[in-house]
Amino acid sequence: RPVHLKDYRPPAYLIDRVNLDISLEPTRTRVHSKLAVRANPKAVGRREPLRLDGEHLELASIAIDGRPLAKKDYKLTDTTLTLTKTPSGPFTLDITTFVNPEANKALQGIYRSNKVYCSQCEAEGFRRITYFLDRPDVLATYTVRLEADIAAAPILLANGNLLERGTLPGGSRHYAIWRDPHPKPCYLFAIVGGNLAPISSTFRTMSGRNVDLAIYVEHGKEARAAWAMDSLKRSMKWDEERFGREYDLDVFNIVAVSDFNMGAMENKGLNIFNDRLILASPETATDAIFEAIESVVAHEYFHNWTGNRITCRDWFQLCLKEGLTVYRDQEFSADERSATVQRIIDVRGLKTHQFAEDAGPLAHPVRPESYIEINNFYTATVYEKGAELVRMIATILGRDGFRQGMDLYFERHDGDAATVDEFVTCFEDASGVDLSQFKLWYSQAGTPELIANLRYDKDKKVANLEVEQILAPTPGQPSKKPMHIPIRLGLLGANGHDLDLRLDGKPLEDGVVSLTKRKQTFRFSDVPSRPVPSLLRGFSAPVNVTLDLSDEDAELLMASDSDLFNRWQAANTYAARTLVESVKALTTGKRTNQGLRFARALGSAVQDDKLEPAYRAELLKLPTQSDIARIIGKNVDPALVHRAHRQLMKLVGKTLGPLLEDLYRDMADRGPFSPDAESAGRRALRNAALTLLAARGTPTDVARLAQHYGTATNMTDRAHALFLLAGRGGTEAKVALDDFYATWEKDNVVIDTWFAAQAQSPLAGTLSRVKALIKHPLFSLTAPNKVRAVVGTFAAANPVQFNRPDGAGYAFLTDQVLALDKINPQIAARMLGTLRSWRALESGRRAKARKALQRIARAKSLSPDVQEIVLRVLEA
Ligand code: ARG
Ligand code: ZN
């Protein structure tokens, strides 16, 4: 059943035009499709029967050029409809199918969320609407007529521009006709029908066209869509200014729905969003959510050019649109906010999610070579590592060279279903730089490890930086070729200032060197004294670096690296090293003093009030327990990691007490709430201080925490305190949780914070609590946000309780995965992925996790989604 990249063949048939007539009914929606079909001139000589994809469909009729087909003229299976005889010239194919939106809990195809009809077609959901060539290299123009009860669905939306609407005889039903002039693959098709309220605005494009913008939300929630609208307009402007990209339809609609498998979807002119990524007000949303809304709204909007105008030839090219669009949304956020803080947040996320994926059995190349279920490849590797690959191209070519390559890509491939190779070729052609070795990044999985060594020759005044790249095996890739790795670097003199760089006698202006061999030495001349190297500035490549730095050197970088990203990186590496040492100390019973030294160095770095608050907040955040587990890599005891983590938090809290108390006082909000980056940064710093103070656990600290909850005027502060309190337990926790529940019980989005805060608590009773939560009336296995808030949070963000030594956490997850698989295989597979690092656990837990995985592997009639994940997780 696996599909392979090497087997790609152009389609034997093309579909140029699609006319859909969809009559929406809760359990029996009729879909009539009229297709203009012809043989693909690029596949001549391949006279094949026309084989259409279709799943979970009831076929009512088929006709070719108006003549109904008899049973013997076609062959029907669970997944295909094959026409045995088709005309040799172009023809019209009419197909009528019925689907059941109400019963559709997989949330692919047409389904109902909160009574709203909506659709999700990427990757292969269109085949759940009608029989079609469901592949991204078949591009057609669509005209869509929607019909529904006026009472149930006063709003009817589809891709493109509205042509016509009207009421039907009898007066209870109405229709709308939408036309999208831009040829698109069927995965970008979308419809919405429901009783929703819009907020509207307009945007004037750079060429002076007016675009009508609307965001549709639940009635009464209109005010909460204002931030998303603001983000949309800023995104549209930014894409014009930064990339010269203008919007290309008269309308742009966004719809927020409650039940959605992912974050959002870039359907042409009709983006559909998970409502948690649209709705925000100071009372209901944290700063992190405001930030996420801004970035996802931008992401989906940017897809209009990188994804829609230029789409993917096949699903192996997914990173062509996703990696590039993540890069674009990250650049947008960097321009809208603090670029350094944005980079820190992005790199933190990359390491936590993608590095962990790359280090385990689910590791795969940014451009995978085979898959069983494509939905399993919407991963941190394709998205976030994919974005790093684009960023490395920008680093290698420089800002202007990169822009020229992008311009060429848009010019050459507009309207195409393109490949990663074609994308990279544009940068080679625009710049003349050979990127053939660089392209290994797309095909070789795993995080490269750089071993760096600096030798200083005091007589010659030469610093030799030796760097070796180690490429560990990953599933299916036992050995690897050396990669082209751009390393941005600096050398710090004794006073902490950057030295001028001369590489092989020539000035190195941009500070970027290219590592292309397995082992390479970079020779820097005219270096007056032994320098401290600052490597991988701005995180110029997604790699791990090992460099033996003394505590003094690490402290110099932390205090004075001119590259603020690396200043943070130095602090983070120092913290990680300290934590790994104290886990070791807990294992062996030895003692270590590293913690105190680290705490003091951290204090002097954070003290610098010339640094912006958001940045200082990032300094104060220690690496997570899962980061430490990943760094330790094998025989991990999550209980010890948790203990070491708590101890260090407490030590930092005690050592820096007065500083943290000052910050807590000084960073209090000065005026009315504003979601802007600067105000959010002050709240972040204040909450980071609160976290460390609370770790001390004195009665004063606990009282401060409870008061922080009680007096909070916004959700950032309230949710922060709620998580900390829920993690401590006691009366204060109960009071806060009950209050939160009473306040937000009716709010389907906000209540997820109440679920997640309990699921994340490291207290011993958490598993029983979680088991009670999935029985709670507000919980449902059919609602992905609820599953993620409870099961996802417990399995992915609560290492100590999920990894209980008795294996009960794994058994719970197994039960949930098996139950979910019958409802929503995509979500089931995601939840199962949380077990991917099981082989890195100490032997007792490892055995328990293996048993849980085997129980899933043995279960009958698993979905391809779960089957693929369980096989890969167990096998590698
Ligand atoms: N293209 C969407 C985005 O990243 C993601 C949709 C993926 N959905 C899925 N079922 N695999 O913006
Ligand atoms: Zn995307």
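A brief structural summary. As the structure is a computational prediction, the values presented were derived from the model and not from experiment. (Residues numbered from 1 in each chain as written. Chains lettered and ligands numbered in written order. Predicted model: local features only at pLDDT ≥ 70, side-chain atom pairs only at ≥ 80, totals over all residues. Heavy atoms only, no water.)

### Considerations on the overall build of the protein
Part 1 of the argument: A tally of regular secondary structure across the protein gives 26 helices and 33 strands.
Part 2 of the argument: Taken over C-alpha atoms, the radius of gyration comes to 28 Å for the protein, in line with the 29 Å a tight globule of 876 residues would show.
Part 3 of the argument: When its C-alpha atoms are laid out on the principal axes, the protein stretches across 90 × 65 × 60 Å.
Part 4 of the argument: Each of the 876 residues in the protein was classed as buried or not, and the buried ones make up 61%.
Part 5 of the argument: Surface exposure of the protein reaches about 34000 Å², of which carbon and sulfur atoms provide 51%.
Part 6 of the argument: Here the protein contributes 115 positively and 108 negatively charged side chains, and the mean placements of these two sets differ by 5 Å. (Helix = DSSP H or I, 4+ residues; strand = E, 2+ residues; numbered from the N terminus. Rg over C-alpha atoms; globule rule 2.2 N^0.38 Å. Buried < 20%, exposed > 50% of the residue type's maximum accessible area, 1.4 Å probe, protein only. Areas by Shrake-Rupley, 256 points an atom, 1.4 Å probe, with all protein chains shown as cover. Lys, Arg positive; Asp, Glu negative; His and termini not counted. Charge placed at Lys NZ, Arg CZ, Asp CG, Glu CD.)

### A closer look at the pairing of strand 10 (residues 109–113)
If a strand is regular, its side chains alternate between the two faces of the sheet.
Part 1 of the argument: Where burial is concerned, most of strand 10 is hidden: 5 out of the 5 residues are buried.
Part 2 of the argument: Where strand 10 meets strand 11 (residues 116–120), 5 bridges bridge the pair, whose relative direction is antiparallel. Opposite Arg112, over in strand 11, you have Tyr117 as the bridge partner.
Part 3 of the argument: In this antiparallel pair of consecutive strands, strand 10 and strand 11, the connection spans 2 residues, and Asn114 shows a positive phi of 55°. (Pairing = 2+ DSSP bridges.)

### Some thoughts on the environment of Asp701
Part 1 of the argument: By the element assignment, Asp701 lies in helix 16 (residues 699–711).
Part 2 of the argument: For the pair Asp701 and Leu690, spaced 11 residues apart in the sequence, the C-alpha separation amounts to 8.4 Å.
Part 3 of the argument: Apart from residues no more than four positions distant in its own chain, Asp701 is found in contact with Leu693, Ala694 and Arg696.
Part 4 of the argument: Side chain to side chain, Asp701 and Arg704 meet in a polar contact 2.9 Å long. (Contact = heavy atoms within 4.5 Å. Polar contact = N/O pair within 3.5 Å; in protein donor to acceptor, adjacent residues only side chain to side chain.)

### Points about the pairing of strand 13 (residues 155–158)
Part 1 of the argument: Of the two faces of strand 13, both are covered, the one formed by Ile155 and Leu157 as well as the one formed by Leu156 and Ala158.
Part 2 of the argument: Across 4 bridges, strand 13 lies against strand 16 (residues 191–194) in antiparallel orientation. Note on strand 16: the bridge partner recorded for Ile155 is Gly194.

### A few points about the nonpolar core
Part 1 of the argument: Counting residues in each nonpolar core, the largest one holds 282 residues, and the members touching the most others are Leu93, Tyr142, Phe189, Ile278, Phe423, Tyr442 and Phe524.
Part 2 of the argument: Ranked by the residues each element gives to this core, the list is headed by helix 5 (residues 380–413), at 14 residues.
Part 3 of the argument: Once residues lying within four places of it in the same chain are set aside, the contact partners of Leu93 are Ser33, Lys34, Leu35, Val37, Leu50, Leu52, Ile62, Ala63, Ile64 and Leu83. (Core = buried A, V, L, I, M, F, W, Y, C linked by side-chain atoms within 4.5 Å.)

### Regarding the packing of helix 9 (residues 564–588) against helix 11 (residues 613–620)
Part 1 of the argument: At their nearest, the axes of helix 9 and helix 11 sit 9 Å apart, and the two run at 25° to each other. With respect to helix 11, the element helix 9 is oriented roughly parallel. Residues Leu564, Arg567, Trp568 and Ala571 of helix 9 form the contact with helix 11, whose own contacting residues are Tyr615, Glu618 and Leu619.
Part 2 of the argument: Partitioned by chemical class, the residues of the contact of helix 9 with helix 11 number 5 nonpolar, no polar and 2 charged. (Axes fitted to C-alpha atoms, helices over the stretch in contact; angles between N-to-C directions. Parallel < 35°, antiparallel > 145°, perpendicular 65-115°, else oblique. Nonpolar A, V, L, I, M, F, W, Y, C, P; charged D, E, K, R; others polar.)

### Focus: helix 10 (residues 594–607)
An α-helical segment advances 3.6 residues per turn. Residues three or four places apart therefore align on the same side.
Part 1 of the argument: The first and last C-alpha atoms of helix 10 sit 20 Å apart over 14 residues, in line with the 20 Å expected at 1.5 Å per residue.
Part 2 of the argument: Residues of helix 10 that are buried: Gln594, Gly595, Phe598, Ala599, Ala601, Leu602, Gly603, Ala605 and Val606.
Part 3 of the argument: In this fold, the buried residues of helix 10 make contact with helix 8 (551–560), helix 9, helix 11, helix 13 (638–655) and helix 14 (657–666). (Expected span 1.5 Å × (residues − 1).)

### Details of a positive patch on the surface
Part 1 of the argument: Where like charges cluster on the molecular surface, the positive patch consists of Arg643, Arg646, Lys650 and Lys654.
Part 2 of the argument: Examined against the element boundaries, Lys650 turns out to sit in helix 13.
Part 3 of the argument: Under the relative-accessibility criterion, Lys650 is labelled partly exposed at 36%. (Patch = residues over 30% accessible without salt bridge, like charges linked within 9 Å, V, L, I, M, F, W, Y side chains within 5 Å. Salt bridge = Lys/Arg side-chain N within 4 Å of Asp/Glu carboxyl O.)

### Comments concerning the sheet that holds strand 11
Part 1 of the argument: One open sheet accounts for 4 strands, arranged 10-11-16-13; its pairing is antiparallel. One side of each edge strand has no neighbouring strand; the edge strands of this open sheet are strand 10 and strand 13. Averaged over all pairs of adjacent strands, the angle between strand axes in this sheet comes to 20°, irrespective of strand direction.
Part 2 of the argument: When strand 11 meets strand 16, the two strands line up antiparallel, connected through 2 bridges. Note that in strand 16 the partner of Cys118 across the bridge is Val192.

### Overview of the environment of Trp178
Part 1 of the argument: Structurally, Trp178 can be placed in strand 15 (residues 173–184).
Part 2 of the argument: A sequence separation of 33 residues divides Trp178 from Arg145, and the C-alpha atoms of the two residues are 6.5 Å apart.
Part 3 of the argument: Here Leu156 takes part through its backbone oxygen, which lies 3.0 Å from a polar atom of the side chain of Trp178.

### As for the coordination of the zinc ion (ligand 2)
Part 1 of the argument: Each protein donor to the zinc ion (ligand 2) is listed here as His299 (NE2), His303 (NE2), Glu322 (OE) and Glu322 (OE); together their distances run 1.9 to 2.8 Å.
Part 2 of the argument: The coordination sphere of the zinc ion (ligand 2) comprises 6 donor atoms, whose angles at the metal cover 47 to 160°; the geometry is irregular.
Part 3 of the argument: Written as a sequence motif, the donor residues of the zinc ion (ligand 2) are H-x3-H-x18-E. Remark: Glu322 occurs in helix 3 (residues 318–336) and His299 occurs in helix 2 (residues 287–302); sequence separation between them is 23 residues. (Donors = N, O, S within 2.8 Å, 3.2 Å for Na, K, Ca; no water. Tetrahedral: all angles 85-135°; square planar, octahedral: opposite > 155°, others 65-115°.)

### Quick word on the site of ligand 1
Part 1 of the argument: With respect to spatial proximity, 15 residues lie near ligand 1, and among them Glu122, Glu266, Glu300, Asn375 and Tyr383 are the closest.
Part 2 of the argument: In the environment of ligand 1, an oxygen atom lies 3.4 Å from a nitrogen or oxygen atom belonging to the side chain of His299.
Part 3 of the argument: The side chain of Asn375 places a nitrogen or oxygen atom 2.9 Å from a nitrogen atom of ligand 1.
Part 4 of the argument: Within the complex, the protein chains bury 97% of what would otherwise be the 350 Å² of accessible surface of ligand 1.
Part 5 of the argument: For the shell around ligand 1, the secondary-structure elements that each account for two or more residues are strand 20 (264–265), helix 2 and helix 3.
Part 6 of the argument: A class-by-class count of the residues in the shell around ligand 1 yields 5 nonpolar, 5 polar and 5 charged. (Near = heavy atom within 4 Å.)

### Considerations on the packing of aromatic side chains
Part 1 of the argument: Counted by the stated rule, this structure contains 35 aromatic pairs.
Part 2 of the argument: Aromatic pair Phe402 and Phe427: ring centres 5.3 Å apart, planes at 15°, arrangement stacked. Taken together, the positions of Phe402 in helix 5 and Phe427 in helix 6 (residues 420–431) put the pair 25 residues apart, joining distant regions of the chain.
Part 3 of the argument: Centre to centre, the rings of Phe794 and Phe802 are 5.8 Å apart; their planes meet at 85°, and the pair counts as edge-to-face. With respect to class, Phe794 is no different from Phe802; both count as buried.
Part 4 of the argument: Arg245 extends its terminal NZ or CZ atom over the ring of Trp305, reaching a point 4.6 Å from the ring centre.
Part 5 of the argument: Seen from the ring of Tyr664, Arg686 lies directly overhead, with NZ or CZ sitting 4.0 Å from the centre. (Phe/Tyr/Trp six-rings, centres within 6.5 Å; stacked < 30°, edge-to-face > 60°. Lys NZ or Arg CZ within 6 Å of the ring centre and 35° of its normal.)

### So, the pattern of salt bridges
Part 1 of the argument: Under the counting rule described, the total for this entry stands at 76 salt bridges.
Part 2 of the argument: Ionic pairing is found between Arg309 and Asp248, a salt bridge with its closest N-O pair at 2.8 Å. Note that Arg309 is positioned in the loop between helix 2 and strand 22 (311–312) and Asp248 in the loop between helix 1 (226–243) and strand 19 (251–257), a separation of 61 residues in sequence.
Part 3 of the argument: Overall, Arg309 belongs to the buried group, its relative accessible area being 18%.
Part 4 of the argument: Classification of Asp248 by relative accessible area gives buried; the value is 14%.
Part 5 of the argument: Among the ionic pairs, Asp701 bridges to Arg696, the shortest N-O distance being 2.8 Å. When sorted by exposure, Asp701 lands in the same class as Arg696, which is buried.

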